[in-house]
Amino acid sequence: MFVAVMGFGTVGSGVAELLDKNHDSIVKKSMQDSLELKYILDIRDFPDSPYKDKLIKDFNIILNDPEIEIVVETMGGVTFAYDFVKKSLLAGKSVVTSNKELVAQHGYELLTIANEKNVNFLFEASVGGGIPIIRPMAQCLAANEIDSIAGILNGTTNYILTKMITENQSFDEALKKAQELGYAEKDPTADVDGHDSCRKICILAALAFGKHVYPDSVHTEGIRNITLSDVAYAACWGGVIKLIASAKKLDNGQVNVTVGPTFVARHSQLAGVDDVFNAALIRGDATGDVVFYGKGAGKMPTASAVVADVIDAAKHIEKKKFFGWDAAEDNYIADYNTAVTALYVRGTADDKQAVIKALNDSIGAVHVLTRENAPENEIAFVTNPAAEGELKAKINAVSGLSVTSVIRVADY
Ligand code: HSE
């Protein structure tokens, strides 16, 4: 059996190396007589690469070669990746991808084509890098009704927040360090503004609840506006700030999906997930809480997940695995303003006692927070849970309070 890899970047080169390094055991586990990498597609030249003889620039060579039964997509983006993956599936080839943007945007369509063509479309590496999560959710937790998912799904932002919390670095300092270490891109938008986490929670929500979730239907906030004063107030409250991607099934059949910085209590299993590590807490009706933890990015951890899918695709080359979800539906994603949550609020007030009294009258008792060296007129508090939109409207209506920062408070 022959395999082609499209995209010879960090993950693609890791896939080629792993297929070589563990060749014999991979062939054995795939239950094939052989499993060989035949082509690597990339527009760039790699004259010094040990794989230079396999490098090609024309996708049609892969498409038109009947010996290629499994295509690995590690190009990223959705323009060429979508076109090449769709054509590969339509040509009856199984596809393995690490591309979260592709799955979050086009997963339903590509899974439908794979079903029609009786081939596999697998994407274990698209969420959580090397952490096994897609297959465990689809198979091992299949007997459960999933109630909710809460995850730290982006290593770069978790590294930045960890540096802010443990070393008192500002957001800008921590971001610079993350860029120096190669975690954050020169343009860090996808990570720090929450888009990467959003794509990943869309995939997990689709798997858990059975309908496609488009990233643009998800309320997404990043971590750019988090300050060291917010970090200090979180510590006073008894927790830390994490970028949490969450999805929860509601009683009315809708699903609440959000991404945003969140106060997480120290006793939560997610509070101790630091640096570039990822974790996802899945709450099932039979299992209770299950936590997946590990390296969510990086060359070899991600290649490990991709190659495991290649083995699975090879094993099931004659028989498609059931794997998929239904099309997106209107009004399926709840308005995040209606979701019940407690809020942390930081602002300024000249007469703090009057503001606290007004808050108590309007939204009930608030938990007032303190920190060292706070300006005289700074005020910070945590509310009781209520519908987010109503809570914000009532807080903004309190006379004498000017709100600077609002962060959700988790209940897990
Ligand atoms: N930029 C991502 C992260 C890589 O930092 O987690 C994996 O999607």
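Now for a description of the structure that goes with this document. (Residues numbered from 1 in each chain as written. Predicted model: local features only at pLDDT ≥ 70, side-chain atom pairs only at ≥ 80, totals over all residues. Heavy atoms only, no water.)

Concerning the layout of surface pockets
In this approach, a probe sized like a water molecule rolls over the atoms, and the result shows the empty space that is left.
Next, step 1: Reported here for the largest pocket is a volume of approximately 1100 Å³.
Next, step 2: Looking at the largest pocket, it is lined by 36 residues, and the ones nearest its centre are Val11, Lys100, Glu185, Asp196 and Ala297.
Next, step 3: Contributing elements (two or more residues each) for the lining of the largest pocket: helix H1 (10-21), helix H5 (100-117), helix H7 (155-167), helix H9 (189-192), helix H10 (195-209) and helix H12 (299-315).
Next, step 4: Of the residues in the lining of the largest pocket, the class split is 10 nonpolar, 17 polar and 9 charged. (1 Å grid on protein atoms, 1.4 Å probe; cavity = no way out; pocket = protein on both sides within 12 Å on 5 of 7 lines; lining within 4 Å. Points joined across faces, edges and corners; volume = space filled by probe spheres on them. Helix = DSSP H or I, 4+ residues; strand = E, 2+ residues; numbered from the N terminus. Nonpolar A, V, L, I, M, F, W, Y, C, P; charged D, E, K, R; others polar.)

A look at the sheet that holds strand E3 (residues 55-56)
Next, step 1: Taken in spatial order, the 6 strands line up as E3-E2-E1-E4-E5-E6 in an open sheet, and their pairing is parallel. Each edge of the open sheet carries a strand with a single partner, namely E3 and strand E6 (121-122).
Next, step 2: In the sheet, strand E4 (residues 68-73) pairs with strand E5 (residues 94-97) via 4 bridges, with the strands oriented parallel. Residue pairing for E5: isoleucine 70 is matched across the bridge by serine 94. (Pairing = 2+ DSSP bridges.)

Some remarks on the site of the ligand
Next, step 1: Taken together, the residues surrounding the ligand are Lys100, Asn154, Gly155, Thr156, Asp191, Asp196, Lys200, Gly296 and Ala297.
Next, step 2: With respect to the ligand, the side chain of threonine 156 contributes an N or O atom lying 2.6 Å from an oxygen atom.
Next, step 3: Between aspartate 196 and the ligand, the recorded distance is 3.4 Å, taken from a side-chain N or O atom to an oxygen atom.
Next, step 4: Starting from 260 Å² of accessible surface for the ligand in isolation, the protein chains cover 81%.
Next, step 5: Of the pockets mapped on this structure, the ligand occupies the largest pocket.
Next, step 6: When residues of the shell around the ligand are traced back to their parent elements, those giving at least two are H7 and H10.
Next, step 7: Its residues assigned to classes, the shell around the ligand comprises 1 nonpolar, 4 polar and 4 charged. (Near = heavy atom within 4 Å. Polar contact = N/O pair within 3.5 Å; in protein donor to acceptor, adjacent residues only side chain to side chain. Areas by Shrake-Rupley, 256 points an atom, 1.4 Å probe, with all protein chains shown as cover. Sits in = over half its atoms within 2 Å of the grid points.)

A few points about helix H14 (residues 388-396)
Next, step 1: Looking at H14, one finds that the buried residues are Glu388, Gly389, Leu391 and Ile395. For H14, the angular spread of buried residues about the axis comes to 165°, placing them on one side. (Buried < 20%, exposed > 50% of the residue type's maximum accessible area, 1.4 Å probe, protein only. Arc of directions from axis to C-beta.)

Here's the deal with empty space enclosed by the protein
Next, step 1: The tally for this structure, following the rule as stated, stands at 2 cavities of 30 Å³ or more.
Next, step 2: Reported here for the largest cavity is a volume of approximately 60 Å³.
Next, step 3: Leu122, Phe123, Glu124, Ile134, Arg135, Ala138, Gln139, Asp309, Asp312, Lys321 and Phe323 together form the lining of the largest cavity.
Next, step 4: Contributions of two or more residues to the lining of the largest cavity are made by helix H6 (134-140) and H12.
Next, step 5: Ranked by residues supplied to the lining of the largest cavity, first place goes to H6 with 4 residues.
Next, step 6: A class-by-class count of the residues in the lining of the largest cavity yields 5 nonpolar, 1 polar and 5 charged.

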